[in-house]
Amino acid sequence: MVQGAVTVNNVTALTEEGVALLNYDHLLIDLQQVTEVDSTVISMLFEWLREANKKNCHLEFTRLPASIESLVQLYGVTDIITPSSNPSKPES
């Protein structure tokens, strides 16, 4: 679970912490507790996905807050970081 802000001020440390956890076959990262973001959150998620791929770890993001979903859509990366896989939203 990621909690608090993910901004230029702390994204490097958070990225490194996340990469250190990628020693599992499958990892689910809950983003619901993220309170503040800037565009660096997208680069952090991409770096985690790249590293997970290298380590054969299936990485999933869940419960994206609206702020992250908005950035995902803005940057056109919904095919990589899929808000539709967000379990906090009801399926239609």
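To be clear, the structure that these remarks concern was listed above.
Described below are features of the structure shown in this document. Along every chain, residues carry numbers that run from 1 in the direction the sequence is written. Given that this is a predicted model, residues contribute local features only at a pLDDT of at least 70 and side-chain atom pairs are listed and counted only at 80 or more, while totals for whole chains, interfaces and linings are drawn from all residues. The basis for every side-chain value is the complete set of non-hydrogen atoms in the structure, without hydrogens or water.

### Digging into the packing of helix H2 (residues 40-54) against helix H3 (residues 66-74)
Note the cut-off: Note on definitions: angles span 0 to 180 degrees between N-to-C directions of axes, and those axes are lines fitted to C-alpha atoms, for helices only across the stretch in contact. Helix and strand assignments follow DSSP, with helices taken as H or I runs no shorter than four residues and strands as E runs no shorter than two, numbered in order from the N terminus. Comment on the angle field: the value is read as roughly parallel under 35 degrees, roughly antiparallel over 145, roughly perpendicular from 65 to 115, and oblique elsewhere. Here, two residues are considered to be in contact whenever any of their heavy atoms come within 4.5 Å of each other. Ten residues, namely Ala, Val, Leu, Ile, Met, Phe, Trp, Tyr, Cys and Pro, are considered nonpolar, four, namely Asp, Glu, Lys and Arg, are considered charged, and the remaining ones, Gly among them, are considered polar.
The N-to-C vectors of H2 and H3 enclose an angle of 80 degrees; their axes lie 10 Å apart at closest approach. As summarised for this structure, H2 and H3 are arranged roughly perpendicular, according to the angle between their axes. Residue-level inspection shows Val 41, Ile 42 and Leu 45 of H2 in contact with H3, the latter providing Ile 68, Leu 71 and Val 72. Partitioned by chemical class, the residues of the contact of H2 with H3 number six nonpolar, no polar and no charged.

### So, the nonpolar core
Operational definition: What makes a nonpolar core is a set of buried Ala, Val, Leu, Ile, Met, Phe, Trp, Tyr and Cys residues whose side-chain atoms join them at distances within 4.5 Å. Any residue under 20% of the maximum accessible area for its type is buried, any over 50% is exposed, and the rest in between are partly exposed; the area is computed with a 1.4 Å probe on protein chains only.
Membership of the largest hydrophobic core comes to 25 residues, with the highest contact counts inside it found for Leu 31, Trp 48 and Phe 61. When contributions to this core are tallied by element, the ones reaching two or more residues are helix H1 (11-20), strand S2 (26-30), H2, strand S4 (58-62) and H3. Setting aside anything within four residues of it in sequence, one finds Leu 31 in contact with Val 2, Leu 45, Phe 61, Thr 62, Arg 63, Leu 64, Pro 65 and Ile 68.

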